[in-house]
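# Commentary on secondary and tertiary structure
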Amino acid sequence: MATENFVHEHAAQVAHVVSGICTRTLNHFAEEAKLNGESLKDAFERYEIDYAWHVLGSDRMRDATVSSLEARLKRAATDAQKASVAGILKSAAEAQAPELLMSFDNEVPAQLADFLSSSWAANQALPTAAQAG
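Note that the structure is predicted; figures quoted are calculated from it, not measured. (Residues numbered from 1 in each chain as written. Predicted model: local features only at pLDDT ≥ 70, side-chain atom pairs only at ≥ 80, totals over all residues. Heavy atoms only, no water.)

Assignment of secondary structure puts valine 66 in helix H5 (residues 59–73). Beyond its immediate chain neighbours, meaning those up to four positions away, valine 66 contacts Ala77, Lys82 and Val85. (Helix = DSSP H or I, 4+ residues; strand = E, 2+ residues; numbered from the N terminus. Contact = heavy atoms within 4.5 Å.)

Attention now goes to the nonpolar core. Val17, Leu56, Leu69, Met102, Val108 and Leu116 are the most contacted members of the largest nonpolar core, which totals 23 residues. Going through the elements one at a time, helix H1 (2–20), helix H4 (52–56), H5, helix H6 (79–94) and helix H7 (108–125) are the ones with two or more residues in this core. Here valine 108 is in contact with Val17, Ile21, Leu56, Met61, Leu89 and Met102, once residues within four sequence places are set aside. In terms of nonpolar packing, the next biggest core, distinct from the first, is built from 5 residues, Phe29, Ala33, Ile49 and Leu101 among them. (Core = buried A, V, L, I, M, F, W, Y, C linked by side-chain atoms within 4.5 Å. Buried < 20%, exposed > 50% of the residue type's maximum accessible area, 1.4 Å probe, protein only.)

Below, the discussion takes up the packing of aromatic side chains. In the structure shown here, the tally under the stated rule is 3 aromatic pairs. Residues phenylalanine 29 and phenylalanine 44 carry aromatic rings whose centres are separated by 5.1 Å and whose planes lie at 85 degrees to one another, so their mutual orientation is edge-to-face. Of this pair, phenylalanine 29 sits in helix H2 (residues 26–35) while phenylalanine 44 sits in helix H3 (residues 40–47), and the two are 15 residues apart along the sequence. Looking at phenylalanine 29, the relative accessible area reads 6%, which means it is buried. Within the aromatic cluster, the residues linked to one another by ring pairs are Phe29, Phe44 and Tyr47. (Phe/Tyr/Trp six-rings, centres within 6.5 Å; stacked < 30°, edge-to-face > 60°.)

Here glutamate 48, not a glycine, exhibits a phi torsion of approximately 50 degrees, which is positive. Phi is positive for lysine 74, which is not a glycine, with a value near 60 degrees. Relative to the assigned elements, lysine 74 resides in the loop between H5 and H6.

Time to look at the confidence of the model for the chain. Considering every residue of the chain, the mean pLDDT works out to 88; 88% of them sit at 70 or more. Per-element averaging of pLDDT across the chain places helix H8 (residues 129–132) at the bottom with 39 and H4 at the top with 97. Here residues 125–133 scores under 50 on pLDDT; set against residues more than four positions off or in separate chains, the count is 1 contact. (pLDDT = per-residue confidence, 0-100.)

Have a look at this one:
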């Protein structure tokens, strides 16, 4: 039962990340750059664009998310919480189509930290078997 709960929670956490990201294909991004009157190279540099799987799986994203989580928890994240963040981001990265692009300048760290801190707080509020009986 614990394994089923973990898998379900992990899937929900990954779905939360994936539903909140903004990705684009190269052609779509190039069209936006053209409309803004800038070169594709300048747009890539300004928005720090890379493949979505790379952005989500990066140390930079993991570290920013852990930092946001610690700010919400008002304490250092545990090793288990850090591993959870890394696992969620890794799974979200693996779910991305290889051609999708996204910016490093995004809301994933804050959104995931909010989601996890409230989710973990809710789970702590539930009585344990020992407390219930």
